[in-house]
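# Results of the structural survey
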Amino acid sequence: MAIKITDECINCGACEPECPNNAIYDAGVPWKFADGTALDGVIDFGDGVTIDAAASQDAISDEVYYIVSDKCTECVGFHDEPQCAAVCPVDCCVEDEDIVETEEELLAKKAWLHAE
């Protein structure tokens, strides 16, 4: 399950530097797959969708910090718990019930993001 940031976020920014995948972005800031990962060039998702890893993607939220679920591994393989949730002073980094992934899937995503 990916982590999401709820609208209770106070925009303190404590979570952003803690993410080992650079999956957390400030409100309104565009994101890239290449940010903080080993992804480079054209990414093929295997379903006919391709994207340039360095291409800017639209911000997911203009109101609060946000997490890119395609880059979130819940810190599996890095830490014992999601670091964003561990440092959040208002407990607004929570499991995203719409994106459920097994530990094996999260480890595979980590390997893909970091060319392991």
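Residues numbered from 1 in each chain as written. Predicted model: local features only at pLDDT ≥ 70, side-chain atom pairs only at ≥ 80, totals over all residues. Heavy atoms only, no water.

You'll find the protein entered in an unreviewed UniProt entry as Ferredoxin, with Sphingobacterium paucimobilis HER1398 given as the organism.

## Overview of helix H2 (residues 103-113)
Among the residues making up H2, those that are buried are Leu106, Lys109, Lys110 and Leu113. End-on view of H2: buried residues confined to an arc of 100 degrees, all on one side of the axis. Two residues or fewer past H2, Ala115 is found with a positive phi of approximately 50 degrees. (Buried < 20%, exposed > 50% of the residue type's maximum accessible area, 1.4 Å probe, protein only. Helix = DSSP H or I, 4+ residues; strand = E, 2+ residues; numbered from the N terminus. Arc of directions from axis to C-beta.)

## Considering a nonpolar patch on the surface
Taken together, the side chains of Phe45, Val49 and Trp112 present a nonpolar region at the surface, about 250 Å² in accessible area. Here Val49 is to be found in the loop between strand S3 (42-44) and strand S4 (50-52). (Patch = residues over 30% accessible without salt bridge, like charges linked within 9 Å, V, L, I, M, F, W, Y side chains within 5 Å. Areas by Shrake-Rupley, 256 points an atom, 1.4 Å probe, with all protein chains shown as cover. Salt bridge = Lys/Arg side-chain N within 4 Å of Asp/Glu carboxyl O.)

## Digging into the side chain of Lys110
Checked against the element boundaries, Lys110 lands in helix H2. Since its relative accessible area comes to 10%, Lys110 is described here as buried. Apart from the residues within four sequence positions on either side, Lys110 is in contact with Thr73, Val76, Gly77, Phe78 and Glu116. (Contact = heavy atoms within 4.5 Å.)

## Thoughts on the pattern of salt bridges
Taken as a whole, this structure holds three salt bridges when the rule is applied. Across the salt bridge formed by Glu101 and Lys109, the nearest N and O atoms sit 3.0 Å from each other. The class for Glu101 is buried, based on a relative accessible area of 19%. Its relative accessible area of 11% is what places Lys109 among the buried residues. The shortest N-O distance in the salt bridge between Glu116 and Lys110 comes to 2.8 Å.

## Focus on unusual backbone geometry
Positive phi outside glycine occurs at Asn22, with the angle close to 50 degrees. For Asn22, the location among the structural elements is in the loop between strand S1 (3-5) and strand S2 (24-25). Judged by relative accessible area, which is 24%, Asn22 ranks as partly exposed. Phi angles above zero are rare outside glycine, and Cys75 is one such case at about 65 degrees. Position of Cys75 relative to the elements: it lies in the loop between strand S5 (66-67) and helix H1 (83-87).

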